[in-house]
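# Descriptive structure summary
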Amino acid sequence: MSDLYARHRRVLPDWLALYYEEPLEITHGEGRYVWGADGTRYLDFFGGILTTMTAHALPEVTKAVSEQAGRIVHSSTLYLNRPMVELAERIAQLSGIPDARVFFTTSGTEANDTALLLATTHRRSNTILAMRNSYHGRSFSAVGITGNRGWSPTSLSPLQTLYVHGGVRGRGPFARLSDEAFIAACVDDLEDLLGHTRPPAALIAEPVQGVGGFTSPPDGLYAAFREVLHERGILWIADEVQTGWGRTGDHFWGWQAHGRSGPPDIVTFAKGIGNGTSIGGVIARAEIMNCLDANSISTFGGTQLTMAAGLANLTYLLEHDLQGNARRVGGLLIERLRAVAAHDPGIREVRGRGLMIGVELTRPGTDTADPDRATAVLEAARAGGLLIGKGGGHDTSALRIAPPLTLTVAEAEEGAAILETALRNTQ
Ligand SMILES: Cc1ncc(COP(=O)(O)O)c(C=O)c1O
């Protein structure tokens, strides 16, 4: 055990899990590569859990952060903050939500917590609809709407949560149905559920479930849900913490795969927008955002430093059409991985879109999850010079591949070749 690992174990919580038999200390990065403390270079296909969204040490972001740090880092929300107003204006416009207001937080958890506060206050209801296999954060309220056993340390909650079908296309009671029939069955179930409960405040859903292993419903499910919810005044919260900013390639927001009835009532975001600096936030129509009748601040939310990073990062993302890059390079990568899967009976599914790709591993010839192989593939990929992630329900048997959105075709090829070898060597 390395000295740093021993110190980590002595002083940090046991439940703060580390990847790898021999945990890795990353000391620096550039572009899509990072370096370990021993000097080994790795191609990074996980971006610190989809958070280094654009690139490591992106000069434009580094420059904006260092210039801002030389002026002022933080002044609090008691004073006007130009970069915060500018970023809010840009996000409000990109959201498609009419008369949108933006509130900045420091994390996805805090963003979802705020969305729950707004929805429950606005609707005067503490009942929330959430998806099975979901993850929305680590706070007491966010854990209460997390439909993933592995990330639910308590069932105590300020909220009453009802879990809805549909977040996972390939498993569960409706898996064998066609897309159309799957959506109809989920909508029937939702309507039936609503007939038995007090009126909920909102439905919260990740368009593509992140921690859950990059699972998603057929396109259109949330639009169909939205119609049912809308009739009853129930709000739709899209948790875009992993799926926002073009990550899914086809769309700027993940909800747009379902969007025929317009944008959600509330959108939450975090992770990638700050390219590693701590930005989270909530976007909602003014009538919802302004429903609180007491003060509420997030001391570190929207500091000049993080807002400068967010502005530089967003500008780079849009000017370089990284959504288009995610679609093109992600499309090549997913095809490559599907070709590998065709010869590997332990790969149940290669799924996802853009640069958000899941590879679900099962014991060959069965539907039984294979978390041991997922762990082995992670180790083998690292040995080959590639970092990937894993996820899934309580089984953690899906590999998660989510490189920075500037990934080049050559890097996609390099990563796919390493992963192919790792999969072959763990069969
Ligand atoms: C979809 C989703 N929502 C919320 C969160 C919580 O974000 P944070 O860890 O920044 O609090 C995460 C984190 O993984 C997430 O994936």
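Residues numbered from 1 in each chain as written. Predicted model: local features only at pLDDT ≥ 70, side-chain atom pairs only at ≥ 80, totals over all residues. Heavy atoms only, no water.

### Things to note about the site of the ligand
Around the ligand sit S107, G108, T109, N112, Y135, H136, G137, E206, D239, V241, Q242 and K271, and those are all the residues in its vicinity. A distance of 2.7 Å separates a nitrogen atom of the ligand from a polar atom in the side chain of D239. Relative to its unbound accessible area of 390 Å², the ligand is 84% covered by the protein chains. The greatest single-element share of the shell around the ligand, amounting to three residues, is contributed by helix α5 (residues 108–123). The class makeup of the residues in the shell around the ligand is two nonpolar, seven polar and three charged. (Near = heavy atom within 4 Å. Polar contact = N/O pair within 3.5 Å; in protein donor to acceptor, adjacent residues only side chain to side chain. Areas by Shrake-Rupley, 256 points an atom, 1.4 Å probe, with all protein chains shown as cover. Helix = DSSP H or I, 4+ residues; strand = E, 2+ residues; numbered from the N terminus. Nonpolar A, V, L, I, M, F, W, Y, C, P; charged D, E, K, R; others polar.)

### Some remarks on the domain arrangement of the protein
Along its sequence, the protein is organised into domain 1 (3–57 + 321–425) and domain 2 (63–319). Computed from C-alpha coordinates alone, the two centres of domain 1 and domain 2 are separated by 25 Å. If you look at the interface, domain 1 gives 34 residues, while domain 2 gives 34 residues. Interface area, domain 1 with domain 2, both sides summed: about 2,900 Å², of which 51% is carbon and sulfur. Linking domain 1 to domain 2 there are three salt bridges. In this structure, D250 and R353 form a salt bridge, with 3.2 Å as the shortest nitrogen-oxygen distance. Applying the counting criterion to the domain 1 and domain 2 interface returns 24 residue pairs in polar contact (both at pLDDT 80 or more). The set of elements that each furnish at least two residues to the side of domain 1 that touches domain 2 consists of α2 (47–50), α11 (322–341), β11 (347–353), β12 (356–361) and β15 (398–401). Split by residue class, the side of domain 1 that touches domain 2 holds 14 nonpolar, twelve polar and eight charged. (Domains from an automatic or database assignment. Contact = heavy atoms within 4.5 Å. Buried area = accessible area lost by both parts, 1.4 Å probe. Salt bridge = Lys/Arg side-chain N within 4 Å of Asp/Glu carboxyl O.)

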